[in-house]
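# Structural overview
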Amino acid sequence: MAKVKTTFFCQNCGTQYAKWQGQCSSCKEWNTLVEEVVQKEEKKGWKPTDTSSKRTAKPLRIQEIDGSQEMRMSSGGLEFDRVLGGGIVPGSVTLLGGEPGIGKSTLLLQIALHLPFKTLYVSGEESQKQIKMRAERIFPDSQQCYILTETKTQNIFKQIETTEPDILIIDSIQTLHTDYIESSAGSISQIRECTSELIKFAKETNTPVILIGHITKDGHIAGPKILEHMVDTVLQFEGDRNHVYRILRALKNRFGSTAELGIYEMLGKGLREVSNPSEILISKTEEELSGTAIAATLEGMRPLMIEVQALVSTAVYGTPQRTTTGYNVKRLNMLLAVLEKRAGFRLGAKDVFLNITGGISIEEPAIDLAVVAAILSSNEDVAIEKDFCFAAEIGLAGEIRPVQRVEQRILEAEKLGFSTIFVSKLNKLSIKNPQINIRRVSKIEDVVAFLFE
Ligand code: TYD
Ligand code: MG
């Protein structure tokens, strides 16, 4: 009998080793090497019936290459199409990652149900009955959506030959296994092999494939890093599980920009697209409350007005607490230090809590000024006018710095009926007769003087 061939794979980065060692010399993680059985066989996975793929490619002069736009299939969802860069590209392979329970299966099932093409949804996680129950709630009268519960790629390809779908969805890549590799489903070598079989299928039949991928506890897609290199597009579905809003963004896109963003709302009947996010992210209370300020941010190409809430109170314990939701704690500490040192506010003995409403998390520095305004408003217990908004970064010297594409933010604020927007003096503006009052500031003191005196 032939000796069984085994190799060691780092479960973190996918590097292969001939023998075990304690630390992966490529990614420097400890105890990540796992022995997996590999079996080399010539014939593998997807077998095309014609042999046209045998022809070898010839180099072409760049002028000779057909430069017409990639054809796109509309997914029936505007947000999903926009994130992909205009629709699904035939023959492309897309990977959708996200935390458990965030709604990956719901999103793709919903797309499968609404697509005007023949769709095959392969699930290795739920039974056909479970999927049916979910589909009933989302969109009960879909005609062309086929559901298959299967985890072996060879069987999936067999079913594809009879069903001939226009688009294939796999939920999830971690549950698949192929006959040609002996290690268990979800292991590095299985994921890599199944993905390459699916990619081969997509490229040879020009059928788009969408894969769902689990993520590890530190937020990366489980499996080898190479998985993200193999596929054409990597999407991430994120959001706070306790909130209704979900954000879809592209981390990698071979056919479009990665700046676009899709916003969804999770309802009892599936996900609803949010086409005007600014209006729902701002709470509409009648009375004026201290500690809230509105930031004009940009997510991708889209302006987004976001409400920042702060609570400043006297610390009960020796070390004051600094807690944030949706915002970087380190950045908050930096802003507090700037307020203390440059603007003379004594916040060192105060607890500071900061919350971005809607369960959205924001990295953009343009939110800085709104954060500072919310903190000061809570500290002074003076409400900021509800129709003021802010768009500027704060530097370590307490200076107010310009932000990119400020005009787009100003126009959005104007459109939503804000009366005043605070921006940096250094931002160059060329807006003609704005309806909104643009207040250009250069120091924190300027803002404080205007808001609280
Ligand atoms: P699911 O798509 O199963 O998550 P994932 O595949 O990312 O693990 O979504 C699960 C959550 O979505 C679950 O907690 C219930 C909620 N949900 C709704 O609120 N409304 C719905 O119509 C559906 C189908 C799910
Ligand atoms: Mg799922």
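Per an unreviewed UniProt entry, the protein goes by DNA repair protein RadA and derives from Galbibacter orientalis DSM 19592. Its UniProt record gives the protein the following Sequence similarities (unreviewed entry) comment, quoted word for word: "Belongs to the RecA family. RadA subfamily."

Within the protein one finds 11 helices and 21 strands. Seen through its C-alpha atoms, the protein measures out along the principal axes to roughly 85 × 55 × 50 Å. Residues counted as buried form 47% of the 453 residues belonging to the protein. Sequence-distant contacts in the protein: of pairs separated by 6 or more residues, those separated by 24 or more amount to 66%. Surface exposure of the protein reaches about 22900 Å², of which carbon and sulfur atoms provide 51%. Looking at charge distribution, the protein has the averaged site of its 54 positive side-chain charges lying 5 Å from that of its 57 negative ones.

Attention now moves to the pattern of salt bridges. Within the structure shown, the criterion is met by 16 salt bridges. The partner of Glu-364 in a salt bridge is Arg-409, and the shortest N-O contact between them spans 2.7 Å. A residue pair is termed long-range when its members are at least 10 positions apart, and Glu-364 in the loop between strand E16 (350-356) and helix H9 (368-380) and Arg-409 in helix H10 (residues 406-415) qualify at 45 residues. Looking at Arg-409, the relative accessible area reads 0%, which means it is buried. Beyond isolated ion pairs, a larger network of salt bridges with shared partners links Arg-331, Asp-368, Glu-393, Glu-399 and Arg-401.

What follows concerns the site of ligand 1. Taken together, 15 residues lie near ligand 1, and Gly-101, Ser-105, Thr-106, Leu-267 and Gly-270 sit nearest. For ligand 1, an oxygen atom lies 2.6 Å from a polar atom in the side chain of Thr-106. For ligand 1, whose unbound accessible area comes to 560 Å², protein coverage reaches 72%. Of all elements in the fold, only helix H2 (104-114), helix H3 (128-138) and strand E11 (261-267) reach the threshold of two or more residues within the shell around ligand 1. Sort the elements by how many residues they give to the shell around ligand 1 and H2 lands first, with 3 residues.

Attention now moves to unusual backbone geometry. With omega at 0 degrees, the peptide bond leading from Asp-171 into Ser-172 counts as cis. Its location among the elements puts Ser-172 in the loop between strand E7 (167-171) and helix H5 (188-205). Positive phi outside glycine occurs at Lys-28, with the angle close to 65 degrees. The residue Lys-28 is located in the loop between strand E2 (16-17) and strand E3 (33-37) in this model. The residue Asn-31 is not glycine, and still its phi comes out positive at about 55 degrees. Note on Asn-31: relative accessible area 62%, which makes it exposed.

When the domains of the protein are assigned, the result is domain 1 (1-41), domain 2 (75-273) and domain 3 (281-452). The centre of domain 1, based on its C-alpha atoms, is set 28 Å off from the matching centre of domain 2. Contacts between domain 1 and domain 2 engage 11 residues on the former and 11 residues on the latter. For the pair domain 1 and domain 2, the summed buried area comes to about 890 Å², and 50% of that belongs to carbon and sulfur atoms. Here domain 1 is connected to domain 2 by 0 salt bridges. In this structure, the connection of domain 1 to domain 2 is made through 2 residue pairs in polar contact (both at pLDDT 80 or more). Breaking the side of domain 1 that touches domain 2 down by element, the ones donating at least two residues are strand E1 (6-10) and E3. Looking at the side of domain 1 that touches domain 2, its residues break down into 4 nonpolar, 5 polar and 2 charged.

Take the sheet that holds E3 next. Pairing within the open sheet is antiparallel, and its 3 strands lie in the order E2-E1-E3. With partners counted over all chains shown, the strands left at the sheet margins are E2 and E3, one partner each. Pairing of E1 with E2 involves 2 bridges; the strand directions are antiparallel. Considered in E2, the bridge of Phe-9 is made with Gln-16. Its contacts with the sheet place H5 against E1, E2 and E3, and it is angled at close to 90 degrees to E1.

Conventions we followed
- Every residue gets a number counted from 1 within its own chain, in the order that chain's sequence is written.
- By the order in which they are written, chains take letters starting at A while ligands take numbers starting at 1.
- Selection of residues for local features in this predicted model requires a pLDDT of at least 70, selection of side-chain atom pairs for listing and counting requires 80 or more, and totals for whole chains, interfaces and linings are taken over all residues.
- Side-chain calculation: all heavy atoms of the structure are included, whereas hydrogens and water are not.
- UniProt positions are given in the numbering used here, feature names are shortened, and annotations may be inferred rather than shown by experiment.
- Numbering of helices and strands starts at the N terminus; helices are DSSP runs of H or I of at least 4 residues and strands are runs of E of at least 2.
- We call a residue buried when its accessible area falls under 20% of the maximum for its residue type, exposed when it is over 50%, and partly exposed in between, using a 1.4 Å probe and counting protein chains only.
- Contact criterion: two residues are considered in contact whenever any of their non-hydrogen atoms come within 4.5 Å of each other.
- Per-residue and other accessible areas were derived by the Shrake-Rupley procedure at a 1.4 Å probe size, with only the shown protein chains allowed to occlude residues.
- The sign given to each residue is positive for Lys and Arg and negative for Asp and Glu; His and the chain ends receive no count.
- All charge positions are set by atom: Lys at NZ, Arg at CZ, Asp at CG, Glu at CD.
- Whenever a carboxyl oxygen of Asp or Glu lies within 4 Å of a side-chain nitrogen of Lys or Arg, that contact is scored as a salt bridge.
- By convention in these notes, a residue is near a molecule or strand provided one of its non-hydrogen atoms lies within 4 Å of it.
- For this analysis, a polar contact is any N or O atom pair within 3.5 Å, provided that within protein one partner can donate a hydrogen and the other can accept it, and provided that sequence-adjacent residues contribute only side-chain to side-chain pairs.
- These domain limits were set by an automatic method or by a database of domain assignments.
- Defined in terms of a 1.4 Å probe, buried area is the accessible area two parts forfeit on being brought together, summed over both.
- All amino acids are sorted into three groups, where Ala, Val, Leu, Ile, Met, Phe, Trp, Tyr, Cys and Pro are nonpolar, Asp, Glu, Lys and Arg are charged, and the leftover types, Gly among them, are polar.
- Should DSSP find at least two bridges between two strands, the strands are taken to pair.
- Between N-to-C directions, angles span 0 to 180 degrees; the directions come from axes that are lines fitted to C-alpha atoms, helices contributing only their stretch in contact.

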